[in-house]
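A look at the structure
If you want the building blocks of each chain, they are given just below.
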Amino acid sequence: MIGLRAGQMEMGQLGQWGWLSMDQDLVAMISEIIEGKGHRLYGLSAVNQRAHALQAAWLAEQAGCDAALITACLLHDIGHMVHDLGDDPAKDGIDDMHEELGRRWLMRWFGPEVTEPVRLHVAAKRYLCAAEPDYFSKLSSDSVRSLALQGGPMSEAELSEYRANPFAEAATVLRRFDEGAKVKDLATPPVAHFLPYVAACARQSSQGG
Ligand SMILES: [Fe+2]
Ligand SMILES: [Fe+2]
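What you are looking at is a predicted structure, and each value in this text was computed from that prediction instead of being measured. (Residues numbered from 1 in each chain as written. Chains lettered and ligands numbered in written order. Predicted model: local features only at pLDDT ≥ 70, side-chain atom pairs only at ≥ 80, totals over all residues.)

**Some details on the overall build of the protein chain**
On a plain count of helices and strands, the protein chain comes out with twelve helices and zero strands. Moving toward the C terminus, one meets the helices and strands of the protein chain in the order α-α-α-α-α-α-α-α-α-α-α-α. Considering the protein chain as a whole, with its 209 residues, one finds that 41% of them fall into the buried category. At a minimum sequence separation of 6, the contacts of the protein chain that also span at least 24 residues come to 68%. (Helix = DSSP H or I, 4+ residues; strand = E, 2+ residues; numbered from the N terminus. Buried ≥ 20, exposed ≤ 12 C-beta atoms within 10 Å, placed from the backbone. Contact = placed C-beta atoms within 7 Å.)

Encoded structure:
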């Protein structure tokens, strides 16, 4: 159903949601994905995908980040929620490439201020493991497991390339919230609280071409 709706939007055929504006339709779809697919556990951690997304966005909002970074935090793992590889492909040694899947899914509605931090959030983990000697020791067990599948800490050449990306700083900030967003039973605002940020970014992107 979710994929069908996305396809309908791409073709400008909104079907039963045709009376809604694009922004309303988009935020409703994103809300449905997080609420509907968010029950999947977040790797080996004690939280599910929904709680993880909300905690990451909540950390960004509390830190005073802009709407684009709050949106990127909320949606950084949406790639895990829009594939059919099961709840935890990493346990079978499969890297679902969720950062690239997420970028491609999101770029239909958002600009690089949202999609680039999402694309780079795995690279940011590899960056921090190489650039900050004590970062690896702070990683949760699921992050250590996925790090190996994702290529391990960056090489010197990769560090230089990463730092040259204009969205590297935002991705690194996102990555710190990502790692912090695994607290069991932490109370956060609901998905609806963050949807105005999502709508604002989509609107800005479409206005800005
Ligand atoms: Fe991720
Ligand atoms: Fe994450």
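Moving on, there is more to tell.
**Regarding the confidence of the model for the protein chain**
Mean pLDDT over the protein chain stands at 83; residues scoring 70 or higher make up 78%. Overall, residues 1–20 carries pLDDT values under 50, and its contacts beyond four positions in sequence, including any with other chains, amount to 16 contacts. Note on residues 205–209: pLDDT under 50 across the span, and four contacts to partners over four residues away in sequence or across chains. (pLDDT = per-residue confidence, 0-100.)

**Some words on helix H11 (residues 168–180)**
For H11, built from 13 residues, the straight-helix expectation of 18 Å at 1.5 Å per residue is met to within 8% by its first-to-last C-alpha distance of 19 Å. Within the span of H11, buried status applies to Ala170, Ala171, Thr172, Val173, Leu174, Arg175, Phe177 and Asp178. Residues of H11 that are buried make contact with helix H3 (49–62), helix H4 (67–75) and helix H7 (112–131). (Expected span 1.5 Å × (residues − 1).)

**Quick notes on the packing of H3 against H11**
Interhelical geometry of H3 versus H11 gives an angle of 125° and a closest axis separation of 8 Å. Between H3 and H11, the angle falls in the class oblique. Two packed elements cross with a definite hand, and for H3 against H11 that hand is right-handed. For the pair formed by H3 and H11, the contact residues are Ala56, Leu59 and Ala60 on the first element and Phe177, Asp178 and Gly180 on the second. Of the residues in the contact of H3 with H11, the class split is four nonpolar, one polar and one charged. (Axes fitted to C-alpha atoms, helices over the stretch in contact; angles between N-to-C directions. Parallel < 35°, antiparallel > 145°, perpendicular 65-115°, else oblique. Left-handed = near helix turned anticlockwise from the far one by under 90°. Nonpolar A, V, L, I, M, F, W, Y, C, P; charged D, E, K, R; others polar.)

**Regarding the environment of Arg104**
Locating Arg104 in the fold gives a position in helix H6 (residues 98–106). Judged by C-beta crowding, with 15 C-beta atoms within 10 Å, Arg104 ranks as partly exposed. The sequence separation of Arg104 and Val118 amounts to 14 residues, and the corresponding C-alpha distance is 10.0 Å.

**Looking at the nonpolar core**
Core analysis: the largest hydrophobic core is formed by 54 residues, its most contacted members being Ala57, Leu69, Cys73 and Val198. Breaking this core down by element, the ones donating at least two residues are helix H2 (22–37), H3, H4, helix H5 (78–81), H6, H7, H11 and helix H12 (191–207). Considering each element in turn, this core owes the most residues, nine residues, to H7. Sequence-distant contacts of Cys73, defined by excluding residues within four places in its chain, comprise Ala56, Ala57, Ala60, Leu174 and Phe177. (Core = buried A, V, L, I, M, F, W, Y, C linked by C-beta atoms within 7 Å.)

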